[in-house]
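# Fold and contact review
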Amino acid sequence: MSAVANLAADTWSSMLRVLLHYRRSPGLLAVSLAVPVLMVVVFGYVFGSAITVPGAETGAAGATGATGAPGASGAGSVDGYREFLMPGLFAMVAVNGIMPTMVGAARDVGRGVTDRLRSMAVSRTGLLLGQTLADLLVSVVVLALLAAVGLVVGWRIRGGAADAAGAFGLLLLFRFAMTWVGLLLGLAVGKEEAAGQLVVAVFPLAMVTNAFVPTGGMPGWLAAVAEWNPMSAVVQAGRDLFGNPSAPSAAWPMQHSVPAALLWCAVLLLVCGPFAVRKFASHGT
Amino acid sequence: MSDTAWTGIPKSSEAARNAAFAVEMSGVEKRFGATRALRGLDLAVPAGTVCGLLGPNGAGKTTAVRVLATLVAPDRGAARVAGHDVAREPDAVRRSIGLAGQHAAVDEGLTGRDNLHLLGRLHRLGGRGARDRAEELLDRFGLTGAADRLVRTYSGGMRRRLDLVASLVTAPPVLFLDEPTTGLDPRSRRQIWDAVQELAEAGTTVLLTTQYLEEADRLADTVVVIDHGAAIATGPPERLKESIGTRVSVTLADAGQLGRAAVVLSALAGNGDVAVDQDERTVEVVSRPGVKVLLPKLVRELDAVGVVAVDAAVRPPSLDDVFLALTGRVRGGGSEDSDAAATADASAERKVA
C-alpha cells in the first residue's frame, strides 16, 4: 500500500473510533444536539427579551418581501435580536467543540491509549485527522439542527444561496480549526482533570465577542479584544453572508469579515495542526 | 556475488546475531530534566525467552520499556528490537512489538470487541480481518461473554486482560509488559500469568517489568535487577534467589527463650546475622547464600532445646531482601548521599544478638 492509501486507511479507522463512541453512547449525541437548542432558548428568549440591537431593524426591514416569514413581518427588536443572535450561536457551537476534543485527547494521554497508538506503525497525521474529521461530521448534524431551530424562532437566510453556502462552509472550517485547537490543548495538558479545569477558561473566550451583544456598548479595551477575537470575525462573516442584522463597528475584522475569518481559520489550522501532530508524535520525550 | 560486508563479517551472520537477541540495549542513557532515568542500561534478551526487569519504583523500568517501544528517544546508547534500531527504524520496530502498560490503555467508551476491532484496523488487517482477529482473541482469552459490554463496566482484572489482549492483535514476536499485574487481585494476577506463560511457550519474546520477585520467578527465564537506571544483577531467578538465602522468623511465647532461639536460627542459617525483637518476642534471620532452611527441621531443632514457638515461618526472599543483598541498602533509597544513611538505618534495625 502506498503512503497515501495508508494515511487514508488510518484516517478512516480513527474516524470510526469517534463515531463508534456516539453509537455506543446515544446519550452523548443527544447532549451534543440538545445543548445548541437550549442555547437558542436561553440566549434568544432570556437575553433577547431585554436586548435591542441597533441596526437589527434595518436588517429585518430589508427583507419584508420574504413571503410567509413570521419574524420578518413583525420586524420588532426581539425578533431582530434572534436574527442577530443565530450566526453567533453557530460560531459558539464551533467554539464549544474545543471542550470535548480537548478532554478526550487529555484522557487518551492520561490513560495510556495515546502511548499504545504511538507504539504502533500508524500514521500520526492520520490518527489526528480522523478524529477531527469525525468531529466535523458530527458538527454538520449539529449545525443543521441548529439552523432548523433558528428558522422556527424567526431566523432567516436573506442573502443569496451561494453566500449562505459560503457561510455554512466558513462555520465548518472554523469548527475544524477549533477541533485542532482542542487537540493541541488536550495533548499539551495530558490530564483529564486539568483539561476539565481548562474548560472554564474557554467559556469567556466565547463570551467576549460580538456574538450576543454589540461590541459598541463595551468598554473600549474590551471591545477591541472582542472585535479581534477570531470568533467575532466568523460571527460577523455569518451575519454578512446570511444577510442578518449586525451592529456597526469600524474595526478592520468587522469591516472585512469574510477575509478576516478565513485568515483566522488558516492561521489557527497552520499553527495548531502541525504542533498537535508534533506533540502527539513526541509525547513524553 | 559476495554477501560479505567490507569488515569481512558476512551479512547473513550479522542478521543471525541480531535475530538471536530479540531485545538489545547497550549503554542507554535517558535524562528527564534533572532526573537521570537511565544511566547506561545494558540488556540482551534472547529470542523466544522471557526477561523480567525487576526493580523498585523509579528504578527506570518504565523508561527502559518506553525507549524500546519507540515512545521516548534515548539520549545516548543504542537499542534494537527484533533486529531493528529504535531510533533509525521506528516503524519496523513498531511492527514487531506489542505493548501493555501500567494503565489499562483501552477505550472505556467502547465495547471490548470495538477496541480490538479498531486496533486490528489500525494494524491494517482490513475490516473483515480485524473482525475475525478480534473474535479469535476474545474467544481465546475468555472475554467473549463481556465482548459487547462497554469497557467502562469491566472489573480491573478484566480491563487489564483486555489490555493484554489488545497488545496481541498482530501476534507480535516481541511483547513488552510494563507491570502487568500491579494492583490486581490474586485471581486476576494468575490469569495474566497463565496468558503470558502461554504466549512464551508459543515462542513470543517477552520483556516484563515487575516489582514482585515472585512474578519474575514464576515467568522469567532471566531476571535483570535494575536500580538507579542501570542493571546491577542478571541471571536465572533460581540463581538470584540462591544468592540471597531464605528469610526465617519465629515468634516465641516466652521472651526468656529468645537467646536460645537465636543460637538455633543462626546455626541453621549458616551463621547468619540474627535480629531479635524483645517487644514482639521474635527472632529473624536471612540464611547465607546457598543455605536452604526447611520448616520441619526448624521446628524440630527448636523443640530439641525446649523453645516453644507460637509462630514459625520460612519465606522465600522478597524484593527487599534482594535489594538489601545486592546493594547493601534498603530499596527505595534516594540519591547516593542518602544511601549511606539508609544502610546505617537498616543495620540499626537489626539488633544483632
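See the structure printed just above.
Residues numbered from 1 in each chain as written. Chains lettered and ligands numbered in written order. Predicted model: local features only at pLDDT ≥ 70, side-chain atom pairs only at ≥ 80, totals over all residues. Heavy atoms only, no water.

With that out of the way, let us pick up the overall build of chain A. Per the secondary structure count, chain A includes 14 helices and zero strands. When the helices and strands of chain A are listed from N to C terminus, the series reads α-α-α-α-α-α-α-α-α-α-α-α-α-α. In chain A, buried positions account for 53% of the 285 residues. Put simply, chain A shows about 11,600 Å² of open surface, and 72% of that area lies on carbon and sulfur atoms. (Helix = DSSP H or I, 4+ residues; strand = E, 2+ residues; numbered from the N terminus. Buried < 20%, exposed > 50% of the residue type's maximum accessible area, 1.4 Å probe, protein only. Areas by Shrake-Rupley, 256 points an atom, 1.4 Å probe, with all protein chains shown as cover.)

Once that is clear, we can look at the overall build of chain B. Within chain B, the regular secondary structure consists of 13 helices and 14 strands. By the burial criterion, 48% of the 353 residues in chain B qualify as buried. At a minimum sequence separation of 6, the contacts of chain B that also span at least 24 residues come to 65%. Counting only carbon and sulfur atoms, one obtains 50% of the accessible surface of chain B, whose full area is about 16,200 Å². (Contact = heavy atoms within 4.5 Å.)

Now for the packing of aromatic side chains. Scanning the model with the defined rule gives nine aromatic pairs over all chains in all. With a centroid separation of 5.1 Å and an interplanar angle of 90 degrees, the aromatic rings of W155 of chain A and F242 of chain A are classed as edge-to-face. One end of the pair, W155 of chain A, is in the loop between α8 (124-152) and α9 (161-189); the other, F242 of chain A, is in helix α12 (residues 230-242), with 87 residues separating them in the sequence. The exposure class of W155 of chain A is buried, given its relative accessible area of 1%. Between R82 of chain A and the ring centre of Y45 of chain A, over which it is positioned, the NZ or CZ distance is 4.0 Å. Over the ring of Y212 of chain B we find R189 of chain B; its NZ or CZ atom is 4.4 Å from the centre of that ring. (Phe/Tyr/Trp six-rings, centres within 6.5 Å; stacked < 30°, edge-to-face > 60°. Lys NZ or Arg CZ within 6 Å of the ring centre and 35° of its normal.)

We now examine the interface of chain B and chain A. With 34 residues of chain B at the contact, the number on the chain A side is 29 residues. Taking both sides of the interface into account, the surface hidden between chain B and chain A amounts to around 2,600 Å²; carbon and sulfur atoms contribute 54%. For the chain B face of the interface with chain A, the top three residues by lost area are L71, L122 and R124 of chain B, together amounting to 26%. If you look at where chain B meets chain A, you find six salt bridges. (Buried area = accessible area lost by both parts, 1.4 Å probe. Salt bridge = Lys/Arg side-chain N within 4 Å of Asp/Glu carboxyl O.)

On to unusual backbone geometry. Residue and element names in this part refer to chain B. The phi dihedral of T70 falls on the positive side, at around 65 degrees, and the residue is not glycine. Within the secondary structure layout, T70 lies in the loop between α2 (61-68) and β4 (76-81). Even without a glycine there, the phi angle at A171 is positive, about 50 degrees. Relative to the elements of secondary structure, A171 occurs in the loop between α6 (156-166) and β7 (174-178).

The next point concerns the pairing of β4 of chain B. All names here are of chain B. Note that strand β1 (residues 21-32) and β4 share five bridges and pair antiparallel. The residue bridging E29 from the neighbouring strand is R76, located in β4. Both β4 and strand β5 (residues 84-85) contribute to a ladder of two bridges, which runs antiparallel. For V81, the partnering residue across the bridge sits in β5 and is H84. (Pairing = 2+ DSSP bridges.)

As a further point, take the packing of helix α4 (residues 112-122) of chain B against α6 of chain B. All names here are of chain B. Direction vectors running N to C along α4 and α6 enclose 20 degrees, while the axes themselves pass 10 Å from each other. One finds that α4 runs roughly parallel with respect to α6. Read as a crossing pair, α4 and α6 show a hand that is right-handed. Within the contact between the two elements, α4 uses G112, N115, L116 and L119 and α6 uses L162, V165 and A166. Split by residue class, the contact of α4 with α6 holds five nonpolar, two polar and no charged. (Axes fitted to C-alpha atoms, helices over the stretch in contact; angles between N-to-C directions. Parallel < 35°, antiparallel > 145°, perpendicular 65-115°, else oblique. Left-handed = near helix turned anticlockwise from the far one by under 90°. Nonpolar A, V, L, I, M, F, W, Y, C, P; charged D, E, K, R; others polar.)

Residues and elements named next belong to chain B. In space, the four strands of this open sheet follow the order β12-β13-β11-β14, with antiparallel pairing throughout. Since the sheet does not close on itself, it has two edges, and those belong to β12 (274-277) and β14 (309-315), each with one partner. Along the sheet, successive strands turn relative to each other by an average axial angle of 10 degrees, direction set aside. The sheet contact formed by strand β11 (residues 247-252) and β14 spans six bridges and is antiparallel.

All right, on to the nonpolar core then. Residues L89, F90, F174 and M231 of chain A together with L116 of chain B are the most contacted members of the largest nonpolar core, which totals 121 residues. If one sorts the elements of this core by residue count, α9 of chain A sits on top with twelve residues. Mapped onto the domain boundaries, this core takes at least three residues apiece from domain 1 (11-241) and domain 2 (245-349) of chain B. Non-local contacts of L89 of chain A, meaning those with residues more than four positions away in its chain, are made with M39, V40, F43, L146 and F212 of chain A. (Core = buried A, V, L, I, M, F, W, Y, C linked by side-chain atoms within 4.5 Å. Domains from an automatic or database assignment.)

Looking now at the environment of F275 of chain A. Along the polypeptide, F275 of chain A turns up in helix α14 (residues 257-281). Distance from F275 of chain A to L184 of chain A, taken between C-alpha atoms, is 6.9 Å for residues 91 residues apart in sequence.

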